[in-house]
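Survey of secondary and tertiary structure
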Amino acid sequence: MRPLDEKETTMVFEKLFKFTGPNLKHLLERPAVEGPDPEPGRYCLRLHKNRVYYASEALVRRATAVARPRLAAVGTPIGKFTHHGSFHLTVHALDLLAAHARRRVWLKPDTERSFLFGNSVPKSSLARITENTKSGDGVVVMSMSDVPLGFGIAARSAQDCRKADTNAVVVLHQADAGEYLRKEEELM
Amino acid sequence: MMERPHGRTGVSSPLPGPIRKPLPAQLPVVSMAKKGTKSKQAAAQLPVVSMAKKGTKSKQAPPPPAVAKKGSKAPPPKAAKKAAKKQKLLESSDDDSEAELQQLQEDSDLDVPSDSDAEELSGSDTEADEFSGSDAEADGAISSGDEGEEDEDDDDDEEEEDEGGDSDDDSLADDFLAGSDDGSGDDSGLESDESDDLEAKSRAIDERKEKMDQDAEEELQTNINLESDEFRLPTQEELEEEAHRPPNLPNLKRRISEIVRVLSNFSKLRQEDVARKDYVNQLKTDIMAYYGYNDFLIEQLTEMFPAVELVELLESYEKRPPECLRTNTLKTRRRDLAAALIPRGFNLDPIGKWSKVGLVVYDSTVSAGATTEYMAGHYMKQGASSFLPVMALAPQEKERIVDMAAAPGGKTTYIGALMKNTGIIYANEFNEKRLHGLLGNIHRMGVTNTIVCNYDGKELPKVLGMNSVDRVLLDAPCTGTGTIWKDPQIKTSKDIEDIRNCAFVQKQLLLAAIDLVDANSKTGGYIVYSTCSIMIPENEAVIDYALKKRNVKLVKCGLDFGRPGFIRYREHRFHTSLELTRRFYPHVNNMDGFFVAKLKKFSNTIPTTSEPSKASEGAAEEVDGSSDDEGEKVVCDEPVKMKNHKGTKRTDERPSITKDTEDKPVPDKPAKQLNNRKGKRKTDGPKSNETIGDGKEASHEKTEQLSHTKKSASDGTKKYGPKSTSGTKEKKPVSDKKRKRKWQFKLRRDWEAEKKSDKRRKFQ
C-alpha cells in the first residue's frame, strides 16, 4: 500500500471532479470518522494492487502492519487502474459520490431494473434531473425514494434532455448497484 | 337401543357404560337361572374364550376389555375393567353369574398383562377367534359359554336401554348385543317355559350372531391394538423382514413415536424383560433410517437430549429455516425498510423483542436478495442466530475490534453498524475464495472502518500485536451440526475425527483471540466465541480449555434467552461458570443450533502451562509495568517458557489430550517455537540469566504455587498432567543459550519420565 504519485493523483481527481466539482477538496479535508483515536484525522487515498482506496489516516496507519500479500482492502475502494494505466471509478465509490456529488438524476420506479442491469438511461426513464447539469458531468442516479442506484456521465444537458427523444440516452452508465450481484470478482 | 351403540362404540368410554347402570333384576336373574348350568359349564370356557379373543386380537395383549364384545374401543385400563366387571357382578344378581364373572375377571386380569400368556391363550383359542373355519367347533364349545355370558350382558344392556328389536337393523359391530339380547333374552324366557327345541334354535341363532360379533370385535380389537398402550418391539425376524423390504416410512415414524412414548413413561409402558437399552437401540436404528443420520451423530444426539426432545430436534431439522433480514442501520431504519419491502410483496415481521434490527420474512414474491434495497445495502440476509454473537460482543464506538473469521461478512457489517463506522474493525478471513464475498458485503453495506486481511487467525497476534485490541469476535469454523436444516449433507458426513479436528483448530484460534485482546482496555477486554454447532467438544470443551490456559473468565452474554451451556456431560466436568454460556436450538428458538460464550480477559499475563510460577509472576510485574509491549512480555515469559521450553505448547496441549482431544499439534509446535526462541533468546540473554539464577529457588516456590495457582486459575479442573510437566520444567535451570538449546532437545526425550516422577512427587 502506498500513497498515489502525481500522475495517479491527477487522474483520480479528474474523475472525481466530474462528479463533485469544487466539492472535491471537501472529500479529502473532512474530519475522519473512522479510527479509534479521539482526534479525527483526515482522509487519504492509497494505492494497493492497482486499486485506489479511500480511508482515514488512522486506518491507513494501522493497515501498514498487515503484509502486502495479505491485505485485501482498507476503508472503501473507489476505483482501479486498468492494465494500461487509466483510472475507472467502481461501484464501491457510490456512497461517497452520492454524498458529495452535485448533479443527480432520478429514475421512474419501473425503470430502475433496467439501469440496475447495466443499461444506460433513456429519456423515458427520467423522472427528475438537477437543473444545471451540463453534458459530460458526472451524475449520480437515484431512485424516487432517494436510494442511490449508481452513477454515470450525463450525455445531454438538462435543457437538451427536455427536447430529446424518448429513447435518447440521457445518462451513460458507468457503475450500478446491481454489479454487487452480477460481478462477483469485482474486488479480487 | 340407540344408546347402546354409543356405549359400545364410543371411543373413550371405559368399559360398557350402560352396563354399569343398575339393572332391573328380572331378566338377568331369569337368564342366569336358566342358563346357570350351561353358564357354569361354560364358565370354565368363558374366561378362556374371552381371554382368547382379547389375547389374539392384540399381539401385545392389552388388558382385554372385560366385555370385549361390548366393544370398548380404547383399551380400558385393567383397573377400569376390573371395576367394570365387578360392577357387572354387582349388577347381575345371580350367584352363578357372579361366579362366572368373577372367574372371568380373574382370568382376564391374570392373563391380560403378559404377552406370553396372551399368546398362550391366543394360541389355544386362536382358532376360535380368528379363523372362521374352525368357528364351528369353537363356536359349539364357546358359544354356549359366550351365550351364557352374553345373555347376561345382553340382558343387562337390554334392560338399561330400550328393549327393542331395532338392534338387528344396526350393524352387528355396533349393536350386536342388542340383537342377541332381544333374541336370547326373549327366547330364553320363553324357552324356559316352553320346549327345548326353541331354545336350541335360538341358541343357534345367537351363536351365529355372536360369532359375527366376535369377528367384528376382533377387528375392533386389532384396530384398538394398533393404538393400544402397549407397544411391542419388533422381533429379530420382523426386523430382518423389514430389512428386505424398502423402508416403510410411516411405520418407522409410528414406531419412533411409540418408543419415545414408552421411554418417557418407561416403568408403566415397557414390555417386561425388555431392557431400556433395547428400546433405545431400536429407536436409534429407526431414526437413522427415517431421518437419514449416520451412527455417530445419532449417538451424540441421544446422549445430549431426552427422547422426546430428540425427536423434536430432528423434526425441526427437517423444516426449512426461517429467512431473516438485518436492517443496516447505517443507511436506513427497520420501519422504513419494512415500508419499502412490503409493497414489493414481502410478508415481514419484526423478528422478536430481542432485536431492533431484525426482520423475519414469511414469504415474498421476489427473492430477498434481488431487491433494489438489497443492492443499495439497506439490509443483509442473515440467519437469526448470527445476530447473537454480535449482540453479546456489544462493540462500542471508537473501539478496536477484530473479527477473526469474518466471511461472509454479516457479523462484521453488524459490528460496523453498531459502531457507526467509528473505531476500526480488522476483518480477517483465512479462506481466499470467500474473501470477495466478504468484501462485497462490507462495501455494499457502506462499512468504511474496516481493514480486511487474509491471515490464519492464529497468526493475528503476531501481525497486529499482542494485547492490542479491545474486543474480538471469533465465530469459529465448526462442523455445522446446528445448521443441518440448511445443509442436510451434514447428517451423514460428520464423524468423530471432524469434531476433533475442528475442536483443535478452535482451541488454537480462541487462544490467539484471547492473546489479541488488551485486558487493560478502558472499554473492552472481551472475547466472544461462537459456533453454529451443538456438539459439546466444540463448545463447552473449548471454553473450558481456554479458561485453564489463559487469564480469562466467563461473563454474561447479555442474551436473556437460550439454554445455559453444559456443566457436566458424560464423564466431562466443566467449570461451573460455563452456565453463563448460551445454547440455542431450532426446536426451542427457531434459529440455527448455536453456541455463544463471552469471556473477559482480566490479565495480560499468560499463565504458563497451568502454573503461574513465581518467575512468571515476577515477569508479570515487569510486563504490567510496561504497557502492551510485545517484546518485553515475550522476554519475561521467556525464562519460564524456556524452562518449559518446547513443552510449553505441548503442555498446553496436554490438558486437551486428557480431555480426549487431539494430539496433532504437538509435533509441529516445538519446532516452530524453537525458531522463535532462538531469535528472542539472543536479545534477552541478560534478563534470562537473572531469572535463571533464581530458577532453582523459584522452582520450589513454583511447585508450591502450582497447587495454589492451579486452584485459582482453573477451578474445577482435574488436570494433573500439566502440573507435573510444568514442575519438571521448573527444575531445569537454563544457564546459557547454547546449553539451553541442547537442554531443550534433551528435555523432549526425558519429558515423559520427568512428568511421571513429578506426578508422584506432587501427589505426595
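Residues numbered from 1 in each chain as written. Chains lettered and ligands numbered in written order. Predicted model: local features only at pLDDT ≥ 70, side-chain atom pairs only at ≥ 80, totals over all residues. Heavy atoms only, no water.

The number of helices and strands found in chain B is 34 helices and 15 strands. When each of the 764 residues of chain B is scored for burial, the buried share is 59%. (Helix = DSSP H or I, 4+ residues; strand = E, 2+ residues; numbered from the N terminus. Buried < 20%, exposed > 50% of the residue type's maximum accessible area, 1.4 Å probe, protein only.)

What follows concerns the nonpolar core. B:Met404, B:Leu510 and B:Ile543 are the most contacted members of the largest nonpolar core, which has 80 residues in total. When residues in this core are grouped by element, the largest group, seven residues, is from helix α24 (residues 496–516) of chain B. One finds A:Ile78, A:Phe87, A:Met142 and A:Phe151 within the second-largest nonpolar core, a separate group that totals 29 residues. (Core = buried A, V, L, I, M, F, W, Y, C linked by side-chain atoms within 4.5 Å.)

To continue, consider the packing of aromatic side chains. Inspection of every chain in the model, using the stated rule, returns 13 aromatic pairs over all chains. Of the aromatic side chains, those joined through ring pairs into one cluster are B:Trp354, B:Phe387, B:Tyr414, B:Phe561 and B:Phe584. The side chain of A:Arg128 reaches across the aromatic face of A:Trp106, ending 4.0 Å from its centre. A cation over a ring is seen here: B:Arg444 above B:Tyr374, with NZ or CZ 4.0 Å from the ring centre. (Phe/Tyr/Trp six-rings, centres within 6.5 Å; stacked < 30°, edge-to-face > 60°. Lys NZ or Arg CZ within 6 Å of the ring centre and 35° of its normal.)

Right, let's talk about the pairing of strand β1 (residues 323–327) of chain B for a bit. All names here are of chain B. Along β1, four of the five residues are buried, which leaves the element largely enclosed by surrounding structure. Taken together, the four bridges between β1 and strand β3 (residues 358–364) define a ladder with antiparallel strand orientation. Bridge pairing in β3 places Arg 326 opposite Gly 358. As paired strands, β1 and strand β4 (residues 379–381) are joined by three bridges and run antiparallel to one another. Of the residues in β4, the one forming a bridge with Arg 326 is Met 380. (Pairing = 2+ DSSP bridges.)

Here we come to the sheet that holds strand β6 (residues 87–89) of chain A. Residues and elements named next belong to chain A. Strand order across the open sheet formed by five strands is β1-β2-β3-β5-β6, with antiparallel pairing between neighbours. Looking at which strands have only one partner, the edges of the open sheet turn out to be β1 (2–3) and β6. As paired strands, β1 and strand β2 (residues 43–48) are joined by two bridges and run antiparallel to one another. Along β2, the bridge assignment pairs Arg 2 with Leu 47.

We now examine the sheet that holds strand β10 (residues 138–142) of chain A. All names here are of chain A. Taking strand neighbours across the sheet as the criterion, the six strands line up as β8-β12-β11-β10-β7-β9 in an open arrangement whose pairing is mixed. This sheet does not close on itself; its edge strands, each paired only once, are β8 (121–122) and β9 (126–129). Where β8 and strand β12 (residues 169–176) come together, two bridges link them in antiparallel fashion. Bridging across to β12, Val 121 finds its partner in Val 171.

As a further point, take the interface of chain B and chain A. By a widely used convention, the size of an interface equals the accessible area lost when the partners come together. Taken together, the contacts link 34 residues of chain B with 35 residues of chain A. Of the roughly 2900 Å² buried between chain B and chain A, counting both surfaces, carbon and sulfur atoms make up 64%. Interface area lost by chain B to chain A is led by B:Met375, B:Lys398 and B:His443, which between them contribute 22%. Summed over the shared surface of chain B and chain A, the number is one salt bridge. (Contact = heavy atoms within 4.5 Å. Buried area = accessible area lost by both parts, 1.4 Å probe. Salt bridge = Lys/Arg side-chain N within 4 Å of Asp/Glu carboxyl O.)

Below, the discussion takes up the packing of helix α12 (residues 249–264) of chain B against helix α14 (residues 276–291) of chain B. All names here are of chain B. Remark: α12 packs on α14, axes separated minimally by 9 Å, with the N-to-C direction vectors making an angle of 145°. In this structure, the crossing between α12 and α14 has a hand that is left-handed. Note on element contacts: α14 touches α12 through Arg 276, Tyr 279, Val 280, Gln 282, Leu 283, Asp 286, Ile 287, Ala 289, Tyr 290 and Tyr 291, opposite Leu 249, Leu 252, Lys 253, Arg 255, Ile 256, Ile 259, Val 260, Val 262 and Leu 263. (Axes fitted to C-alpha atoms, helices over the stretch in contact; angles between N-to-C directions. Left-handed = near helix turned anticlockwise from the far one by under 90°.)

Residue and element names in this part refer to chain B. Evaluated as defined, the whole model comprises 28 salt bridges over all chains. Between Glu 242 and Arg 255 there is a salt bridge, with its nearest N and O atoms 2.4 Å apart. Here the residue Glu 242 occupies a position in helix α11 (residues 236–244), and Arg 255 occupies one in helix α12, the gap between them amounting to 13 residues. The class for Glu 242 is partly exposed, based on a relative accessible area of 24%. The exposure class assigned to Arg 255 is buried, which follows from its relative accessible area of 5%.

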